[in-house]
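Close look at the chain arrangement
Here are the chains, one letter per residue:
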Amino acid sequence: MKALQFLTISGVFLTLTISCVQTEKMEKMTLRTAYADDFYIGAALGWGQILAEDSVESSLIKNEFSSLSPENAMKWMYVHPKPDTFNFEYTDKIVAMANRNDQFMIGHTLIWHNQTPEWVFKDGNDALIDSSALFGRMKHHINTIMGRYQGRIGGYDVVNEALNDDGTFRESMFYQIGGVDFIYKAFEYAAQADPEAELYYNDYSMNRAEKCDGAVRLAEALKSRGLRIDGIGMQGHWGLDRPTLEEIETSILKIRNAGLKVMITELDITVLPNPRNVEGADLSASFENNAEANPYKVGLPDSVQEALAQRYADLFKLFHKHRETITRVTFWGVHDGQSWKNNWPARGRTDYPLLFDRSLAPKPAYQAVLGVVGK
Ligand code: G3I
């Protein structure tokens, strides 16, 4: 009788223990753990997040994401404001955070036409420098940054947004002075500075056939010169309906077929009106904010919340289908309140593009993304 009682009690105890473990397991499911076997799930961190100003947010960043990018801190004007002045305060902090949290660290970005100080292109008399002087400055910039973080930053957006939407080269200052060689040089210097780091080309509107073709041509040109490029980042500054899943999939396949890894970088889905049909992230394209352009100032209607969740589910189904090719999906921010989409293409709007709301609560879109892998 006593033996029977003991068995019953231990049975109850065992059941309780199993269900506690299961509950704990369910509670611990995050974006990071749900997609652990598929690809990194990244986030771009703003200034305050890098300083870990809010401990609740810092824990969320650690638990939900397996990769980090600095949203702004590594751009040339911040990290290298004067010829002999580097400011590594923020980069040191985010790299230390990623290393501590076992997160794959991305160096965004080495060479970009935006946020690069004027002095990079000029001599003491305010005249434009020649290509060899420009390449010397690029080499110094790349060597100093990549040398400092060797073994701690896993991949770099070596060149960012060097193409127009039709696949031709953007007439940036880098291009005007250095021609297409500025891109070859950037990849050459980067490969020398840290042979272990992955090297990427990163751009928006890569769902456009001509632009994607241009990026693939560029990668092939690099390879034909014996230079290394490991992957292409498709920035995901997208909307609820555009681009189509078919367009995105076609580009993923084109990049894969060129023997390159694909990253979905800078993902955010705007829910706001787009009267001028502005796509991508061209910072010079913008329009005036007004009541019509900013309809969800006080909250997002359920129907739009659901449409956003569905869009994220559809996108993640596609990404998961191509998990052999896609190595990382990075959100451009952690929560809606910090998103650059609140200020572009019109300033001062209230957008809802990410998976966490302004108080850091997970949105229905978050559950939808977990739901794709049955979590
Ligand atoms: O540095 C000034 C600071 O001195 C000033 O007090 C403050 C006042 O607003 O502005 C600061 O500069 C802002 C900067 O971010 C740093 O916070 C700029 O106004 C603002 O325009 C800038 O926006 C960033 C934008 O890149 C331009 O660098 C966005 O936060 C960032 O999300 C966005 O990210 C880019 C990717 O790097 C590349 N792909 C497109 C993507 C979206 O534009």
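Remember, it's a predicted structure, so these values are computed and weren't measured experimentally. (Residues numbered from 1 in each chain as written. Predicted model: local features only at pLDDT ≥ 70, side-chain atom pairs only at ≥ 80, totals over all residues. Heavy atoms only, no water.)

1. A few points about the overall build of the protein
Worth spelling out the cut-off: Starting at the N terminus, helices and strands are each numbered in turn, a helix being any DSSP run of H or I of at least four residues and a strand any DSSP run of E of at least two. Here the radius of gyration uses the C-alpha set of atoms, whereas the globule reference equals 2.2 Å times the residue count to the power 0.38. Exposure classes here rest on a 1.4 Å probe applied to the protein chains alone. A residue is buried below 20% of its type maximum, exposed above 50%, and partly exposed in between. By definition in these notes, contact holds between two residues if any of their heavy atoms fall within 4.5 Å. Reported accessibility uses the Shrake-Rupley method at a 1.4 Å probe radius. Residues are deemed covered only where the shown protein chains occlude them. Positive: Lys, Arg. Negative: Asp, Glu. His and the chain ends are not part of the count. Think of each charge as sitting on NZ of Lys, CZ of Arg, CG of Asp or CD of Glu.
On a plain count of helices and strands, the protein comes out with 13 helices and eight strands. Relative to the compact-globule value of 21 Å for 375 residues, the protein shows a C-alpha radius of gyration of 23 Å, a close match. Projected onto its principal axes, the C-alpha coordinates of the protein cover approximately 95 × 50 × 40 Å. Going through the 375 residues of the protein one by one, you find that 52% of them count as buried. Once local pairs closer than 6 in sequence are excluded, the contacts in the protein between residues at least 24 apart make up 79%. When the accessible surface of the protein is split by element, carbon and sulfur atoms take 52% of a total near 16800 Å². Within the protein, the 49 negative side-chain charges are centred at a point lying 3 Å from the centre of the 39 positive side-chain charges.

2. Concerning the sheet that holds strand β4 (residues 155-160)
Stated formally: Strand pairing follows a simple DSSP-based rule, namely that at least 2 bridges must link the two strands. Geometry is summarised by axes, namely lines fitted to C-alpha atoms with helices restricted to the contacting stretch, and by angles between N-to-C directions that run from 0 to 180 degrees.
Ordered by their spatial adjacency, eight strands build a closed barrel running β1-β2-β3-β4-β5-β6-β7-β8, and the pairing between neighbours is parallel. Across this sheet, the average inter-strand angle for adjacent strands is 30°, counted without regard to direction. Bridge count for strand β5 (residues 198-203) against strand β6 (residues 231-239) is four bridges, and the pairing is parallel. Within β6, the residue paired with N202 across the bridge is G233. Strands in contact with helix α6 (residues 89-100) are β1 (40-45), β2 (67-70) and β3 (104-112); relative to β2, the strand with the most contacts, it is inclined by about 175°.

3. Here's the deal with the nonpolar core
Note the following rule: To qualify as a nonpolar core, a set must consist of buried Ala, Val, Leu, Ile, Met, Phe, Trp, Tyr and Cys residues joined through side-chain atoms within 4.5 Å.
By size, the foremost hydrophobic cluster in this structure holds 105 residues, and its most contacted members are I111, Y156, V159, L267, Y312, F316 and F319. The biggest single contributor to this core is helix α12 (residues 302-321), with nine residues. Each residue touching L267, except ones within four places of it in the same chain, is listed here: G236, W238, Y312, F316, F319, V329, T330, F331, W332 and L354. Counting ten residues, the second largest nonpolar core, distinct from the first, contains Y204, F287, W340 and A346.

4. Let's talk about the pattern of salt bridges
Heads up, the condition is: We define a salt bridge as a contact between a side-chain nitrogen of Lys or Arg and a carboxyl oxygen of Asp or Glu at a distance within 4 Å.
The tally for this structure, following the rule as stated, stands at 17 salt bridges. A salt bridge links K211 to D165; its shortest N-O distance comes to 2.9 Å. Of this pair, K211 sits in helix α10 (residues 209-224) while D165 is found in the loop between β4 and α8 (173-178), placing the two residues 46 residues apart along the sequence. Two residues, K317 and D314, come together in a salt bridge whose shortest N-O distance is 4.0 Å. In this pair, K317 and D314 both sit in helix α12, three residues apart, roughly one turn of the helix.

5. Concerning the side chain of T265
For T265, the position within the fold is in strand β7 (residues 261-270). The residues touching T265, leaving out its near neighbours within four places in the chain, are N202, G233, M234, Q235, G236, R328 and T330.

6. So, the site of the ligand
The criterion, for reference: One heavy atom within 4 Å of a molecule or strand makes the whole residue count as near it. Counting of polar contacts relies on pairs of N or O atoms within 3.5 Å, with two restrictions inside protein: one atom must be capable of donating a hydrogen and the other of accepting it, and residues adjacent in sequence are counted only when both atoms are side-chain atoms. Here the nonpolar group is Ala, Val, Leu, Ile, Met, Phe, Trp, Tyr, Cys and Pro; Asp, Glu, Lys and Arg are the charged ones; every other residue, Gly included, is treated as polar.
Every one of the 17 residues lining the ligand counts as a neighbour, but E71, K75, H108, E161 and E266 are closest to it. At 2.7 Å, a side-chain N or O of K75 approaches an oxygen atom of the ligand. Take E266: an N or O atom from its side chain is 2.7 Å from a nitrogen atom of the ligand. Calculation on the ligand without its partners gives an accessible area of 800 Å², and the protein chains cover 61% of this total. At the level of elements, β3 and β6 are the ones that each hand at least two residues to the shell around the ligand. Looking at the shell around the ligand residue by residue, the classes come out as seven nonpolar, six polar and four charged.

7. What to know about the packing of aromatic side chains
Heads up, the rule is: Whether two aromatic rings pair depends on their centres lying within 6.5 Å, for rings of Phe, Tyr and Trp, where Trp uses its six-membered ring; planes under 30 degrees apart make the pair stacked, over 60 edge-to-face, and the rest tilted. Distance and angle both matter: a charge sits over a ring if NZ of Lys or CZ of Arg is within 6 Å of the ring centre and within 35 degrees of the ring normal.
Within the structure shown, the criterion is met by 18 aromatic pairs. A centroid spacing of 4.7 Å and a plane angle of 10° characterise the contact between Y40 and F104, whose relative ring orientation is stacked. Placement of the pair is Y40 in strand β1 and F104 in strand β3, with a sequence separation of 64 residues. Aromatic rings pair up to connect Y35, F39, Y312, F316, F319 and F331 into one cluster. The ring of W340 carries the charged tip of K341 above its face, separated from the ring centre by 4.8 Å.

8. Looking at unusual backbone geometry
With an omega of 0°, the peptide bond running from H108 to T109 counts as cis. Within the secondary structure, T109 sits in strand β3. Omega for the bond connecting W344 with P345 falls within 30 degrees of zero, at 5°, which places this linkage in the cis form. Among the structural elements, P345 can be located in the loop between β8 (326-331) and α13 (364-372). Phi is positive for D102, which is not a glycine, with a value near 55°. One can find D102 in the loop between α6 and β3. Of note in this structure, D126 is not a glycine but carries a positive phi near 70°. In this fold, D126 is placed in the loop between β3 and α7 (131-148). Given the relative accessible area of 57%, D126 is considered exposed.

9. Re the pairing of β7
The test is simple: Handedness of a crossover: with both strands directed away from the viewer, a clockwise path from the first strand across the helix to the second marks it as right-handed.
Judged by how many residues are buried, β7 sits mostly within the fold: nine of ten residues are covered. Relative to β7, β6 is paired through eight bridges, and the arrangement is parallel. What sits directly across from G239, in β7, is T270. Viewed along the sheet, the connection from β6 through helix α11 (residues 245-257) into β7 turns out right-handed.

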